[in-house]
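# Structure at a glance
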Amino acid sequence: MLKFIIPTIMLMPLTWLSKNNLIWINSTAHSLLISFSSLLLLNQLNDNSLNYSLIFFSDPLSTPLLMLTMWLLPLMLMASQSHLIKEPPVRKKLYITMLIMLQALLIMTFTATELILFYIMFEATLIPTLIIITRWGNQTERLNAGLYFLFYTLIGSLPLLVALVYLQNTTGSLNFLLLQHWAKPLSASWSNIFMWLACMMAFLVKMPLYGLHLWLPKAHVEAPIAGSMVLAAVLLKLGGYGMLRITSMLNPLTEHMAYPFLMLSLWGMIMTSSICLRQTDLKSLIAYSSVSHMALVIAAILIQTPWSYMGATALMIAHGLTSSMLFCLANSNYERIHSRTMILARGLQVLLPLMATWWLLASLTNLALPPTINLVGELLVVMSVFSWSNPTILLMGANIVITALYTLYMLIMTQRGKHTHHINNIIPSFTREHALMALHIIPLLLLSLNPKIILGPLY
Amino acid sequence: MNPSIFIILLTTLILGTMMVITSSHWLLAWIGFEMNMMAFIPIMMKNPSPRATEASTKYLLTQATASALLMMAVIINLMYSGQWTITKLFNPTASTLMTVALAIKLGLAPFHFWVPEVTQGIPLTTGLILLTWQKLAPLSILYQISPSINLYLMLTMSLLSILVGGWGGLNQTQLRKIMAYSSIAHMGWMTTILPYNPTLTLLNLLIYITMTFTMFMLFIQNSTTTTLSLSQTWNKTPIITTLTMLTLLSMGGLPPLSGFMPKWMIIQELTKNDILIMPTFMAITALLNLYFYMRLTYSTALTLFPSTNNMKMKWQFSPTKRAPLLPTAIVISTMLLPLTPMLSILL
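None of the values given here were measured: they were computed from a predicted structure.

### Structural notes on the overall build of chain B
For chain B, the helix and strand inventory stands at 16 helices and zero strands. The C-alpha radius of gyration computed for chain B amounts to 20 Å, which stays within 12% of the reference 20 Å derived for 347 residues, consistent with globular compactness. Counting only C-alpha atoms, chain B reaches 70 × 50 × 35 Å along its principal axes. Sorting the 347 residues of chain B into buried and exposed places 59% on the buried side. Counting 16 positive and 5 negative side-chain charges, chain B places the centres of these two groups 16 Å from one another.

### Observations regarding the side chain of Thr233 of chain B
Residues and elements named next belong to chain B. Its place among the elements puts Thr233 in helix α12 (residues 233-236). The buried category is assigned to Thr233, whose relative accessible area is 1%. Within polar-contact distance, the side chain of Thr233 engages the backbone oxygen of Leu230 at 2.8 Å. Filtering out sequence-adjacent residues up to four positions away, Thr233 remains in contact with Asn222, Thr224, Pro238, Thr241 and Thr300.

### A few points about the side chain of Ser158 of chain B
Residue and element names in this part refer to chain B. Here Ser158 is to be found in helix α8 (residues 151-168). A distance of 3.3 Å separates a polar atom in the side chain of Ser158 from a polar atom in the side chain of Thr192. For Ser158, the contacting residues outside a window of four places in its chain are Gly188, Thr191 and Thr192.

### Digging into the environment of Ser333 of chain B
All names here are of chain B. For Ser333, the location among the structural elements is in helix α16 (residues 326-335). Here the alpha-carbon distance between Ser333 and Phe90, two residues 243 residues apart in the chain, equals 39 Å. Non-local contacts of Ser333, meaning those with residues more than four positions away in its chain, are made with Thr210, Met211, Thr214, Thr247, Ser250, Ser258 and Gly259.

### What about the environment of Ile343 of chain A?
All names here are of chain A. Looking at the element boundaries, Ile343 is found in the loop between α14 (306-337) and α15 (348-351). Judged by its relative accessible area of 46%, Ile343 falls in the partly exposed class. Residues Ile343 and His419, spaced 76 residues apart in sequence, show a C-alpha to C-alpha distance of 9.9 Å. Residues within four places of Ile343 in sequence aside, it is in contact with Met413 and Thr420.

### Re the packing of aromatic side chains
Enumeration over the complete set of coordinates arrives at 20 aromatic pairs over all chains. A ring pair is formed by Phe292 of chain B and Tyr293 of chain B, whose centres lie 5.2 Å apart and whose planes are at 70 degrees; its orientation type is edge-to-face. Phe292 of chain B gets classed as buried once you look at its relative accessible area, which sits at 1%. Residue Tyr293 of chain B is classed as buried on the basis of its relative accessible area, which comes to 1%. In textbook terms, an aromatic cluster arises when at least three aromatic residues are bridged by ring pairs, as seen for Phe110, Phe118, Phe122, Phe203 and Tyr241 of chain A. Above the ring of Trp136 of chain A, the side-chain terminus of Arg135 of chain A is found at 5.0 Å from the ring centroid. Its end group placed over the ring of Trp189 of chain B, Lys263 of chain B keeps NZ or CZ at 5.1 Å from the ring centre.

### Digging into the layout of surface pockets
All names here are of chain A. Of the volumes computed, that of the second largest pocket is approximately 900 Å³. Asp59, Pro60, Gly456, Pro457 and Leu458 are the residues nearest the centre of the second largest pocket, which is lined by 32 residues in total. At the level of elements, α3 (62-80), α8 (176-182), α11 (225-246) and α14 are the ones that each hand at least two residues to the lining of the second largest pocket. Ranked by residues supplied to the lining of the second largest pocket, first place goes to α8 with four residues. Classifying every residue of the lining of the second largest pocket gives 14 nonpolar, 14 polar and four charged.

### Quick look at the environment of Arg51 of chain B
Residue and element names in this part refer to chain B. Relative to the elements of secondary structure, Arg51 occurs in helix α3 (residues 50-81). Taking relative accessible area as the criterion, Arg51 reaches 46% and is therefore assigned partly exposed. On a C-alpha basis, the gap between Arg51 and Thr300 in space is 27 Å, while along the polypeptide they are 249 residues apart. Setting aside its immediate chain neighbours within four residues, Arg51 contacts Gln120 and Gly121.

### A short note on helix α13 (residues 282-303) of chain A
Every α-helical turn comprises 3.6 residues, leaving residues that sit three or four positions apart pointing alike. All names here are of chain A. With 22 residues, α13 should cover 32 Å at 1.5 Å per step; its first-to-last C-alpha distance of 33 Å lies within 8% of that length. In terms of burial, α13 is a largely internal element, 22 of the 22 residues being buried. The opening residue of α13, the one whose side-chain oxygen lies 3.1 Å from the backbone nitrogen of Lys283, is Asp281. Just downstream of α13, Gln304 is the residue with a positive phi angle, here 55 degrees.

### Here's the deal with the packing of α3 of chain A against α11 of chain A
Residues and elements named next belong to chain A. Relative to each other, α3 and α11 sit at 170 degrees, their axes nearing to 9 Å. The angle between α3 and α11 falls in the class roughly antiparallel. Residues Ser62, Leu65, Leu68, Thr69, Leu72, Leu75, Met76, Ala79 and Ser80 of α3 pack against Ile225, Ala226, Met229, Val230, Ala233, Val234, Lys237, Tyr241 and Arg245 of α11. Partitioned by chemical class, the residues of the contact of α3 with α11 number 13 nonpolar, three polar and two charged.

### Structural notes on the pattern of salt bridges
Enumeration over the complete set of coordinates arrives at five salt bridges over all chains. Residues Asp59 of chain A and Arg245 of chain A are paired through a salt bridge, measuring 3.0 Å at the closest nitrogen-oxygen approach. A residue pair is termed long-range when its members are at least 10 positions apart, and Asp59 of chain A in the loop between β2 (57-58) and α3 and Arg245 of chain A in helix α11 qualify at 186 residues. As far as the burial class goes, Asp59 of chain A and Arg245 of chain A line up, both buried. Here Glu117 of chain B ties to Lys58 of chain B by a salt bridge, and the two come within 3.0 Å at their closest N and O atoms. In this pair, Glu117 of chain B is assigned in helix α5 (residues 114-121) and Lys58 of chain B in helix α3, connecting sequence segments 59 residues apart. A relative accessible area of 37% places Glu117 of chain B in the partly exposed class. Judged by relative accessible area, which is 25%, Lys58 of chain B ranks as partly exposed.

### Observations concerning the interface of chain B and chain A
Taken together, the contact pairs 26 residues of chain B with 26 residues of chain A. When chain B packs against chain A, close to 2400 Å² is buried across both sides, 85% of that on carbon and sulfur atoms. If you sort the residues of chain B by the area they bury against chain A, Leu287, Tyr298 and Leu302 of chain B come out on top, with a joint share of 23%. Where chain B packs against chain A, one counts zero salt bridges. Those elements that place two or more of their residues in the side of chain B that touches chain A are α13 (238-251), α14 (260-272) and α15 (277-302) of chain B.

### Topic: unusual backbone geometry
All names here are of chain A. Look at the link from Met207 to Pro208: it is a cis peptide, with omega at -5 degrees. With respect to the element layout, Pro208 can be found in the loop between α9 (190-206) and α10 (215-222). The peptide bond linking Pro370 to Pro371 adopts the cis configuration, its omega dihedral lying at -5 degrees. Mapped onto the secondary structure, Pro371 falls in the loop between α16 (353-366) and α17 (373-388). Although it is not a glycine, His338 adopts a positive phi angle of roughly 50 degrees. By secondary structure assignment, the location of His338 is in the loop between α14 and α15. His338 sits in the exposed class, given a relative accessible area of 59%.

### Examining empty space enclosed by the protein
All chains considered together, the criterion is met by seven cavities of 30 Å³ or more. Empty space within the largest cavity amounts to approximately 150 Å³. The set of elements that each furnish at least two residues to the lining of the largest cavity consists of α10 and α14 of chain A. For the lining of the largest cavity, the leading source of residues is α14 of chain A, giving five residues. In terms of residue class, the lining of the largest cavity is made up of eight nonpolar, five polar and four charged. Quantified by volume, the second largest cavity comes out at close to 120 Å³. What lines the second largest cavity is a set of 16 residues, among which Leu158 of chain A together with Gly252, Gly253, Lys263 and Ala283 of chain B lie closest to the centre.

Basis of the calculations
Here the residue index of a chain counts from 1 through its sequence in written order. Chains and ligands are labelled sequentially in the order written, the chains with letters from A and the ligands with numbers from 1. A pLDDT threshold of at least 70 governs which residues receive local features in this predicted model, and a stricter bar of 80 or more applies before side-chain atom pairs are shown or counted, although totals over entire chains, interfaces and linings include all residues. Water and hydrogen atoms play no part in the side-chain values, which are based on all heavy atoms of the structure. Strands here are runs of E lasting at least two residues and helices are runs of H or I lasting at least four, both read from the DSSP assignment and numbered beginning at the N terminus. Note on method: radius of gyration uses C-alpha positions; expected globular size equals 2.2 Å times residues raised to 0.38. Only protein chains enter the area calculation, which uses a 1.4 Å probe; residues under 20% of their type maximum are buried, those over 50% are exposed, and those in between are partly exposed. In this charge count, Lys and Arg are treated as positive and Asp and Glu as negative; neither His nor the chain ends contribute. By convention, charge coordinates are those of NZ in Lys, CZ in Arg, CG in Asp, or CD in Glu. Any N or O atom pair separated by 3.5 Å or less is treated as a polar contact, with the protein-specific requirement of one donor-capable and one acceptor-capable atom, and with residues adjacent in sequence counted only for side-chain atom pairs. Residues count as neighbours in contact if any of their non-hydrogen atoms are within 4.5 Å of one another. In this analysis, rings of Phe, Tyr and Trp, with Trp reduced to its six-membered ring, are considered paired at centre separations within 6.5 Å, and the interplanar angle assigns stacked below 30 degrees, edge-to-face beyond 60, and tilted for intermediate values. We call a charge positioned above a ring when the Lys NZ or Arg CZ atom is no farther than 6 Å from the ring centre and deviates by at most 35 degrees from the ring normal. Grid spacing is 1 Å over the protein atoms alone, the probe is 1.4 Å, and a cavity is where that probe fits but cannot get out, while a pocket is an open set with protein on both sides within 12 Å along at least five of seven lines and lining residues have an atom within 4 Å of a point. Grid points are joined across faces, edges and corners, and a volume is the space filled by probe spheres set on the points. Charged means Asp, Glu, Lys or Arg here, nonpolar means Ala, Val, Leu, Ile, Met, Phe, Trp, Tyr, Cys or Pro, and polar covers whatever is left, Gly included. Between the first and last residue of a helix there are one fewer steps than residues, each counted as 1.5 Å, and that sum is the expected span. Note on method: axes are straight lines fitted to C-alpha atoms, helices fitted across the in-contact stretch only, with angles between N-to-C directions ranging 0 to 180 degrees. In these notes the angle categories are as follows: under 35 degrees is roughly parallel, over 145 is roughly antiparallel, 65 to 115 is roughly perpendicular, and the rest is oblique. Here, a salt bridge means any side-chain nitrogen of Lys or Arg that lies within 4 Å of a carboxyl oxygen of Asp or Glu. Accessible surface is computed with a 1.4 Å probe, and the buried area is the amount of it that two parts give up when combined, taken over both parts together.

Okay, structure coming up:
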């Protein structure tokens, strides 16, 4: 695993020592090389995980998330070039350093064997994200956004620390590979209930669960584009990954404890999808759609069936790429008109036709069109939740319809119709932007040819 | 102040603490405490002002009371055990009295009222000595009598300190008061683990002293004592903004910085003793501390605080103030977490 971590850390001296006109080229090119090297992880053994060392391992669950993380860094760098043009070189290098540090910490989080290392890296990812949101965001609300982000996550995760230390005392080790086999069944006593809550709340806040999602619209909207991309694509999946890992140790208590959170997810996905229909702020719409998709993932993880785990993993990867692409598209709008209001820039299909193609593709994947992996994930989740309880098909079906509604609303509002006159003179699309969108959608479309990679360890 | 007098006072200060730490006779420990207090009061009055006088008077009153209570505890211990050796105390009354005396000396709640006001009235360097060096002597005595300390008294005081340290600092803009409340909260963490594993008290003390030293050195660089003046450091010495941010986040206990290490170890030790609610409560209350550190971070490093325009165009002189040991202190207070197994040297 050092073959990924050390090159990522070395990207930092690369950035600081490059000439000023080469910082973007160097960092983007080298991070792209590192992301290609991540394909080595695909060489998975059938019933076992790839154990690189005592500290790091990778299994079919963490491999697609790792590949997503490493793929995203060059994309983030490409997306940030435009809004940092006017900054002095030191600040550009600082921004890139924050992104690289975040990348290194995320790699260590996804591959950690020892759960305490996972916890430390999980918390450590908060610091660069906080700095990116608060320092480089654009509106005054970013201060509040940073505080909400930090404190919501920390209040959820401090009980997790206590629970992990307690688990180490009772089971003797926090090495995940051992815990899978050593975990004792949890009976439904009060202390076990609190331990279940302590273990899960951190990840439920991170996902986010519907009642605890207040930080997400703030953080996603106020963050600059790279911050939004990494938040939507990877940091939310940290919660899902953590839940998938830790639920293997919380049986059979999960069957009883999961009910309130399942209710919140099922109801929450309808609520947040409906809110999307009434949003005026484009980034806020995409942020709430993230909450809605993640509610599906939470529901899938909580019912703990093989199909639902496969669906959750597939949905995480698919949503990561889709959401990141939608944020890049929203950002391309923002850079031209410096406003996130949707109705200000309408009818863009006439003015920027190729960008409209990317808008169409992103919207189609967002509403889970067959045969994309978004559909694979959603279908598996809907089917497994249906098997858990038949009436949920009403809510799930309603959610799919409302998702289609707001996605098409977003597409039609920005692309179709008569264009507003004041955007007659917007800058045509850059090749960099087209490359960015293409690099998002091509993996998504290619994965629909072989979704086996992203279906996780239970395939 | 006359340099030779200052040397004598500093020497007496150091000698006093050393006497407390190394003595095995209670009388000499008490003498050490008195020497320490006597020497520190003129140091506090280095730059005479009504504020400094008030601070010195409050310090004298509280510390003298504490020393008297300490002596009372020693005498009761002598009555019941017949010897003056510094070991665990042999009588619960003596133990309670001594714990209260040392709590007054440390500034644990509910005896914390003197700490913010005294810290505010004295110059930054003296405040540094107050919040770091002056904690060594009482904690060394607490370490030695730890087997006999009344558990409930200690835990009540420490939990109360963590709460007071968190809530008290929320409404502050003066940096010295913020550091004082942070000191109260950290003392609370340190004394929580004292009845269970005193080694971790020493670890927490070490990390706390390093972090507080770093913070004060960074403040002394620009002679800042308020949040407003700290927010101007981006114009004077930009690197200090990053360093302040990192150290403040470390004080708040965020991984992967070294301020996380004592909190993690304390939670681990308490969990091993089957106490689970208390560390959760302590950890969440420490977030209050993190809130006002974040506020400082925001005003210093992450945003441009509102200021008049001519404040943004200051001359940038090359610095003449020396900051001794600052790079070492910064590295220790932010990057020590991977060396956690090293704490076995404290055993």
